[in-house]
Amino acid sequence: MSPDLQRQQIEGWLKLHGHEIVRRATDLDQSGGKMDRPEFLATLERVKAGQTQGVVVAKLDRFSRTLSGALSAIEFLTEHGAV
């Protein structure tokens, strides 16, 4: 799934649900199997600082390629009041 198609799907979902993009985070050429992707980590820091209330991805495998990684990140988001 190309970055442009992902962006279109995310923007459509945001519009449909009345949300706005505060910041786009794109880790091009980074494996979704790694949880230490630079933009992903920056997004988690924004969540921790209360600057971002949630994360939207076009497909779950763009968020994480492992169940344990996804669950850990979702738990982090939940603990910091984000979705």
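What counts, and at which threshold
Residues numbered from 1 in each chain as written. Predicted model: local features only at pLDDT ≥ 70, side-chain atom pairs only at ≥ 80, totals over all residues. Heavy atoms only, no water. Helix = DSSP H or I, 4+ residues; strand = E, 2+ residues; numbered from the N terminus. Rg over C-alpha atoms; globule rule 2.2 N^0.38 Å. Buried < 20%, exposed > 50% of the residue type's maximum accessible area, 1.4 Å probe, protein only. Contact = heavy atoms within 4.5 Å. Expected span 1.5 Å × (residues − 1). Arc of directions from axis to C-beta.

Engineer: An account of the overall build of the protein chain is requested, with residue identities and associated values reported.
Structural biologist: A count of helices and strands for the protein chain gives four helices and zero strands. Since a compact globule built from 83 residues should have a radius of gyration of about 12 Å, the 12 Å found for the protein chain is in line with a globular shape. Here the protein chain, with 83 residues, has 23% of them falling under the buried criterion. Long-range contacts, defined here as pairs at least 24 residues apart, represent 52% of the contacts in the protein chain between residues at least 6 apart.

Engineer: Give me helix H4 (residues 67–79): which residues, what numbers.
Structural biologist: Counted at 1.5 Å a residue, the expected span for H4 with its 13 residues is 18 Å, and the 18 Å between its end C-alpha atoms agrees. Those residues of H4 lying buried are Gly69, Ala70, Ala73 and Leu77. Axial view of H4: buried residues confined to an arc of 95 degrees, hence all on one face. Seen from the buried face of H4, the exposed residues on the opposite side, beyond 90 degrees, are Leu67, Ser68, Thr78 and Glu79. For H4, the elements touching its buried residues are helix H2 (38–48) and helix H3 (60–63). Looking one or two residues past H4, Gly81 carries a phi angle of roughly 75 degrees, positive in sign.

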